[in-house]
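What follows is each chain in one-letter form.
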Amino acid sequence: MKSAELRRSFLEYFRENGHVILPSSSLVPQDPTLLFTSAGMVQFKDIFWGKVPPRYPRVTTCQKCFRTTDLERVGLTPYHHTFFEMLGNFSFGDYFKEGAITLAWTFLTKELGLPKDRLWVSVYEEDEEAYAIWRDVIGIPPERIVRLSKEHNWWGPVGNSGPCGPDTEIYWDWGDPPCSPSCKPSCDCGKFSEIWNLVFMQYDAQPDGTLRELARKNIDTGMGLERMSAVLQGVRTNFETDLFQPILEGIRSLSSSDEPHSKNVVADHIRAVVFLIADGVLPDSEESRGSVLRKVFMRMFRHAERLGIPGAELLRLVEPVVETLGDVYPEIVERRPLVERVIVAEAEVFRRRKETLERLMAKLPEGAKVIPGKLAFTWYDTYGIPRDFIEAEAQEHGLSVDWEGFEQELSAQRARSRQVLSYDTVGTTGEEAVAARATKFVGYTSLIAEAHLEAILSVKGEPLGSLASGEEGHFVFPETPFYAEAGGQIADTGWIENLSRPGRAEVLDVQKGPQGTLHKVRVLAGEFRPQDQCRLAVDEPRRRAIQRAHTATHLLHASLRKVLGEHVIQAGSWVGPDELRFDFTHFSALTEEELARVEELANAPILSDIALVIEELPLEEAKRKGAIAHFEEEYRGKEKVRVVQVPGVSMELCGGTHVSQTGEIGLIVILSEESVAAGTRRIRALVGERARKYLSKLREERKKLASLLEVPEGEILAKAEKVLEELSELRRENEGLREELALLRAKDLASKAEEVNGTKLLGAVVEGDPEAVKALADRLAELLGRSVVVLGTAYSGRGFLVAKVLGVEAVSAGDLVKAGAQVLGGSGGGRPTFAQGGGPKAEKLQDAVSTALERARSFLSQKG
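Participant: What is the right way to read the overall build of the chain from this model?
Facilitator: When you go through the chain residue by residue, the secondary structure sums to 23 helices and 34 strands. Dimensions of the chain, computed from C-alpha atoms along their principal axes, come out at roughly 120 × 90 × 65 Å. Burial analysis of the chain (864 residues in total) assigns 48% to the buried set. Long-range contacts, defined here as pairs at least 24 residues apart, represent 67% of the contacts in the chain between residues at least 6 apart. Looking at the chain, you have 108 positive and 130 negative side-chain charges, and the mean spots of the two groups are 3 Å apart.

Pasting the structure below:
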C-alpha cells in the first residue's frame, strides 16, 4: 500500500467511526513553551490540560512533526527522522481504553489486512485493565502481550505535575529468528518495529508525586506514517518507502557515491528544510527556531559534501519533496520559490564558514590532536562559527575540542558583559538604587513632567553632590517623559529646568541602566543638586517626528508581509526624526514592482486616517488576538505586554511611542532597498515633513529639467530619451570622424618616415593620451609595413614614450624605450615588438624620441 493510500485510509476509517478530521497544525506551535510541533497531540494540549473545552469529542489528524532529539541517529537507523508525519486519533472524555484498543486493532487487521499473528503488544506492567482487554476482548495470546516498566509504557507528566497515564504499544514482527530466549518488543535487535502508541491520559500527577484520577479521561494515539508504510510495503527501512525513494533517486542523479548514511541524512533533512521554511522558519544564528534550522542545513550540506554534491545543487531535491507531499500540504507548493532561494543562500553560508574554519585550523601546530578551548572560543566569538560546526569540522580532521576550556572562556566573557552593561550602583544607598531602578515612564501621554532629582552621576557613573554650568553627567528621576533608547527607537532629547534654584540643562541622550533611566545632560546655566525639584520637557517636534517614523515601520512591516509573504520577519530597525531603517528577513532583492506595491500599501492606511488602538494585555491573550511578537523573549515573564494595533492592518507587541492617528504620518517615501547580511534586507524611508521636502526637491529638479529640455513636465521622459538617442548618434558620428582624422594624421606622419636598409623609420612627438598614442603607433606600423615607430606625448605633466617594431628582428622596442626614457629621467621596457615607458621631464620629449631613433638607426646600419 502506498503512503498516500495509508494516510487516506486512516483518516477515512476514523471519520466513519465518528471522528472529525482536522488539518495538520503548523510546525511552529502556538505554545510558547515549545519550539516545534513534535507530536500529534500538541495542537490539543490545552484541551488535555483542561484549559479549554473540546469542540469535538473525537478527532483524527495527520500531523506534520519535527524533532531533533535523535538528530545524530538520523540516517544510521531505519526509522529515525527530523521531519515525519504522525497519524493519530483522539478522544476527549469519550471512549477510553477498550474503545481505543478496539479501533486500533480493527484498523490494522481488517482495514489494512495485517496478519494477527505478526502483531505483538506491550502494556504498562501495572495496567491490568489494558492487559485484560488485549487478552480477553481482542484475543491476543498472553505470550504476545509484554508487560514493561514505566520507562517504556508510561506517558507524562510534562514537568512535575499534570496529565499522565499508561500507554500500550503495538509492534510488527518482521519474522526474524529471536536474538535470544528473552527477545521481545522492548529488544532493539530489529525483529520488532513499533507501529502505534495508544496513550491513556488517566491521571493528574500532583507535585508530591501522587496520582489522582482525571474526571475526564482522554485518548492520544500516534502512528508514524513512515514506519507503517515500511511495514505495508515490505521494506525494512523507512528510506526504502515511496516517501523517500523519489528523493533518493534525485540524490543518485547528483552523486555516484554508494555511501548510504549520507544519502539518508540528505533525504531526511531536505524534507525538514522544505517544511520548516514553508511554515515561516528562516535560518539565523540566534538561540531560536532559526538556529535549529541552520543546524539542520549545515548538517545536510556536510553530508552532501561527502557525496560530492555542492550545497546549492540540493535545491534540485525540492521537486521530489513537493511532488510527493505537495497535494497534502499545499503550503510547500506555494512557498517553493522561497525554499529554493533559502537553500542557495544557506549553501553560501556553509561555504564561507567552512573556508574560514579550514583556514583557521590550518594554523594549528603540526601534530595537534586537541583544539584548545580558548582558541575554539575565539573562532566562535570573533568569527561567528557555531560550536556544533567547530565540533563537526574537528571530527572531520580527527581532532577533539577542549569544550571545558571553551565554557570557561564563555563564562568569563559573560562576566565581563555584566560589568559593562551600564554604571554600577557604588555610592548610592539601597533605597536610592531600588527607587531609581523603577523609573516610571510617563511619556506615552505627556511630554512634560515635574519630578525631584534623585541622583546625579558622573559620566563614569560615580555619585556627585552637584553639577554646574558647562559640566556633563547623568540625572536620575523617579519618573520621566523622556523615552530611553530601546526597540530601535532612538532616545528623546530636550531640556530640564531646575525649580529649586537657578539651573537649566540640555538632555543629550537617555539610556536604561541598573539605576533606572539615565538622562545624559549638559548643564547650560546654574547648578543642579540631588533632591532639587525639576521640570522635564521633551523636544516635542523631534518626538512627533520619531513617532511618525515608528508607526511607519509597523505599516511597512505589514505591507512587506502582504507583498512578499509571511516569512518576512522584522530583523531590526532604527527609528529617528530624520529617517527610518527597517531590516527584515528575505532572500532576494525586491523588484521595482514589489517595492512600489509595498510603498502603496503602507500609505493606504495613512490616507484612511485610522485611529491606533494601544492596550496592555497578558502575552498569551495578545498572541491569541493575532499580535506579532518576533522578539517574544523580551516580553516573557511580564504580567502584561503593550499591544499597538492599526485596526485591519497591523498588530504588534511594542513599547515604543506612536502617533494617535495614521494620518499624522503624512506620507511614507521609500528611498532604497538593499542587502545588509545573508537573508536580511533593509529599507530606508522618509516620513512626514522630511518626505514632503524630499518630494518638493524632486519637483524642483523636475521643473529645472523641463526648462533645460524646453518641454512641458509631462514630456520630460520622452524628450530625455530622444536627447540621449541623438547624443548616442552624435557620439557614433564623432567616433567615425575621429577615426577618419586619425587615419589622415597617420598617413601624414607615415609620409615623413625615412628608410634605412629597407626598414621604414619614423619618430614624432604627438598630442593625445597614452592609449590614443599606442593606437596611433599600431596604425602607423600597419601603414608602413616593415618598420620601427617611436612616438612621444606629454600627459599629466609626464613624458610618455611608445615604440612599435614590425618585421625587424635586429631592433628591440624595449631597448629603444629604455634609452629614450633615460632622457626623460625615468625608465621603461617591454617586448621586442612593443614597449612603453616615460619620465618626469616632459620638456625633453623630442630629445628622447631622437635618442630612441638614433639607437634604431645604429642597429639597422650594423645590419646593412
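Don't stop here, the text continues.
Participant: Sorry if this is basic, but what is going on with helix α22 (residues 813-823) here?
Facilitator: Within an α-helix, residues lying three or four positions from one another point in the same direction, as the helix has 3.6 residues per turn. Of the residues making up α22, those classed as buried are Ala813, Gly814, Leu816, Val817, Ala819, Gly820 and Ala821. Two residues or fewer past α22, glycine 825 is found with a positive phi of approximately 80°.

Participant: Hey, could you run me through the sheet that holds strand β24 (residues 613-617) in this one?
Facilitator: Two orientations exist for strands paired in a sheet by backbone hydrogen bonds: parallel and antiparallel. One open sheet holds the 3 strands; their spatial order is β24-β25-β26, and the pairing between them is antiparallel. The sheet is open, and its two borders are formed by β24 and β26 (650-653), each paired with just one other strand. In this sheet, neighbouring strand axes are inclined to one another by 20° on average, regardless of whether the strands run parallel or antiparallel. Of the strands in this sheet, β25 (641-646) and β26 touch helix α16 (residues 540-564), which is tilted by about 115° from β26.

Participant: Looking at this structure, I do not really get the packing of aromatic side chains. What am I missing?
Facilitator: What describes a pair of aromatic rings is the distance from one ring centre to the other and the angle between the planes of the rings. A complete count under the given rule lists 35 aromatic pairs for this structure. Between phenylalanine 14 and phenylalanine 107, the ring centres sit 6.5 Å apart and the planes meet at 35°, which makes this aromatic pair tilted. Of this pair, phenylalanine 14 sits in helix α1 (residues 3-16) while phenylalanine 107 is found in helix α3 (residues 97-111), placing the two residues 93 residues apart along the sequence. For the pair phenylalanine 14 and phenylalanine 107, a shared accessibility class is recorded, and that class is buried. On the basis of an interplanar angle of 80° and a centroid distance of 6.3 Å, the ring pair of phenylalanine 14 and tryptophan 196 is categorised as edge-to-face. With phenylalanine 14 in helix α1 and tryptophan 196 in strand β8 (residues 192-205), this residue pair connects regions lying 182 residues apart in the sequence. An aromatic cluster is built from Phe10, Tyr13, Phe14, Phe107 and Trp196, whose rings are joined through pairwise contacts. Note that arginine 302 overlies the ring of phenylalanine 389, its terminal NZ or CZ placed 4.7 Å from the centroid. Geometry around phenylalanine 389 places arginine 353 over its ring, the cationic atom sitting 5.9 Å from the centre.

Participant: So what exactly am I meant to see when it comes to the side chain of histidine 474 here?
Facilitator: Note that histidine 474 resides in strand β16 (residues 472-476). Within the structure, the side chain of histidine 474 is placed 3.4 Å from the backbone oxygen of serine 458, a separation counted as a polar contact.

Participant: Any chance you could explain the pattern of salt bridges here in plain terms?
Facilitator: Across all of its chains, the model carries 50 salt bridges by this definition. Put simply, arginine 7 and glutamate 85 hold a salt bridge, and the shortest N to O gap is 3.1 Å. Of this pair, arginine 7 sits in helix α1 while glutamate 85 is found in strand β3 (residues 83-92), placing the two residues 78 residues apart along the sequence. Arginine 7 gets classed as buried once you look at its relative accessible area, which sits at 6%. By relative accessible area, glutamate 85 is classed as buried at 0%. The salt bridge involving arginine 702 is made with glutamate 713; its shortest N-O contact spans 3.3 Å. With arginine 702 in helix α19 (residues 688-709) and glutamate 713 in the loop between α19 and α20 (716-750), this pair connects stretches of sequence that are 11 residues apart. The class of arginine 702 is partly exposed, set by a relative accessible area of 39%. Classification of glutamate 713 by relative accessible area gives partly exposed; the value is 30%. The network of salt bridges with common partners includes Arg302, Glu305, Lys354, Glu358 and Glu393.

Participant: What is the right way to look at the environment of aspartate 176 in this model?
Facilitator: Here aspartate 176 shows up in the loop between β7 (162-173) and β8. Residue aspartate 176 is classed as partly exposed on the basis of its relative accessible area of 25%. A C-alpha to C-alpha distance of 71 Å links aspartate 176 and alanine 611, two positions 435 residues apart in sequence. Of the polar contacts made by the side chain of aspartate 176, one reaches the side chain of arginine 236; its length is 2.7 Å.

Participant: I keep staring at the side chain of histidine 261 and nothing clicks. Help me out?
Facilitator: Turning to its location among the elements, histidine 261 is positioned in helix α7 (residues 260-278). Not counting residues within four places of it along the chain, the set of residues in contact with histidine 261 comprises Val74, Gly75, Leu76, Arg299 and His303.

Participant: Would you mind going over the sheet that holds strand β34 (residues 834-839) with me for this structure?
Facilitator: The sheet built from 6 strands is open, its strands ordered β29-β30-β31-β32-β34-β33 with mixed pairing. Because the sheet does not close on itself, it has two edges, and the strands there are β29 (754-756) and β33 (827-830). When the angles between neighbouring strand axes are averaged without regard to direction, this sheet yields 20°. Sheet topology note: the strand β32 (residues 798-806)/β34 ladder contains 6 bridges and is antiparallel. Counted as the bridge partner of alanine 803 is alanine 835 from β34. Helix-sheet contacts for helix α21 (residues 770-784) involve β30 (759-765), β31 (787-795), β32 and β34, and the interaxial angle to β31 is about 160°.

Participant: Would you take a moment to explain a nonpolar patch on the surface for this structure?
Facilitator: On the surface, a nonpolar cluster with roughly 230 Å² of combined accessible area is contributed by Tyr694, Leu695 and Leu698. Counting through the fold element by element, tyrosine 694 comes out in helix α19.

Participant: Would you explain unusual backbone geometry in this entry?
Facilitator: In this model, glycine 156 is joined to proline 157 through a cis peptide bond whose omega is 0°. By secondary structure assignment, the location of proline 157 is in the loop between β6 (154-155) and β7. Even without a glycine there, the phi angle at aspartate 609 is positive, about 50°. Take aspartate 609: it is sitting in the loop between α17 (592-608) and β24. Notably, glutamate 710 is not glycine yet its phi reads approximately 60°, a positive angle. Assignment of secondary structure puts glutamate 710 in the loop between α19 and α20. The exposed category is assigned to glutamate 710, whose relative accessible area is 71%.

Participant: Is there a simple way to think about the nonpolar core in this case?
Facilitator: A general trend in soluble globular proteins is that nonpolar side chains are found buried together. In terms of nonpolar packing, the biggest core is built from 108 residues, with Leu108, Trp134, Trp196, Met228 and Phe297 touching the most fellow members. Per element, the largest residue contribution to this core is 11 residues, and it comes from helix α11 (residues 336-361). Contact partners of methionine 228, with chain neighbours within four places excluded, come to Leu6, Leu108, Leu112, Leu114, Ile195 and Met223. The next biggest cluster of nonpolar side chains, apart from the first, holds 30 residues, and it includes Ile546, Ala549, Val568 and Ile606.

Participant: What is the right way to look at the state of the cysteines in this model?
Facilitator: Inspection of the entire model under this criterion finds 0 disulfides. Summary of cysteine pairing: cysteine 179 is not part of a disulfide, and the nearest cysteine sulfur, belonging to cysteine 187, is at 3.4 Å.

Participant: Sorry if this is basic, but what is going on with α19 here?
Facilitator: When the terminal C-alpha atoms of α19 are compared, their 32 Å separation across 22 residues agrees well with the 32 Å that a helix rising 1.5 Å per residue should span. Listed as buried for α19 are Gly688, Ala691, Ser696, Ala706 and Leu709. For α19, the arc enclosing every buried residue in end-on projection is 155°, short of the 170-degree limit, so these residues lie on one face. Projecting away from the buried face of α19 at angles above 90 degrees are the exposed residues Lys697, Lys704, Ser707 and Leu708. Of the surrounding secondary structure, the elements contacted by the buried residues of α19 are α16, β27 (668-677), β28 (680-687) and α20. Phi turns positive one or two residues past the end of α19, at glutamate 710, with a value near 60°.

Participant: How should I be thinking about the pairing of β31 in this particular structure?
Facilitator: A large share of β31 lies buried, amounting to 7 of its 9 residues. As paired elements, β30 and β31 share 6 bridges and run parallel to each other. Residue leucine 762 lies in a different strand from β31, and its bridge partner there is valine 789. With respect to chirality, the unit in which β30 leads through α21 into the neighbouring parallel β31 is right-handed. Of the strand pairs in this sheet, β31 and β32 are connected by 9 bridges, and their pairing is antiparallel. Looking at β32, one finds that threonine 793 is bridged to phenylalanine 800.

What counts as what
Residues numbered from 1 in each chain as written. Predicted model: local features only at pLDDT ≥ 70, side-chain atom pairs only at ≥ 80, totals over all residues. Heavy atoms only, no water. Helix = DSSP H or I, 4+ residues; strand = E, 2+ residues; numbered from the N terminus. Buried < 20%, exposed > 50% of the residue type's maximum accessible area, 1.4 Å probe, protein only. Contact = heavy atoms within 4.5 Å. Lys, Arg positive; Asp, Glu negative; His and termini not counted. Charge placed at Lys NZ, Arg CZ, Asp CG, Glu CD. Pairing = 2+ DSSP bridges. Axes fitted to C-alpha atoms, helices over the stretch in contact; angles between N-to-C directions. Phe/Tyr/Trp six-rings, centres within 6.5 Å; stacked < 30°, edge-to-face > 60°. Lys NZ or Arg CZ within 6 Å of the ring centre and 35° of its normal. Polar contact = N/O pair within 3.5 Å; in protein donor to acceptor, adjacent residues only side chain to side chain. Salt bridge = Lys/Arg side-chain N within 4 Å of Asp/Glu carboxyl O. Patch = residues over 30% accessible without salt bridge, like charges linked within 9 Å, V, L, I, M, F, W, Y side chains within 5 Å. Areas by Shrake-Rupley, 256 points an atom, 1.4 Å probe, with all protein chains shown as cover. Core = buried A, V, L, I, M, F, W, Y, C linked by side-chain atoms within 4.5 Å. Disulfide = S-S within 2.5 Å. Expected span 1.5 Å × (residues − 1). Arc of directions from axis to C-beta. Right-handed = clockwise from strand over helix to strand, strands pointing away.

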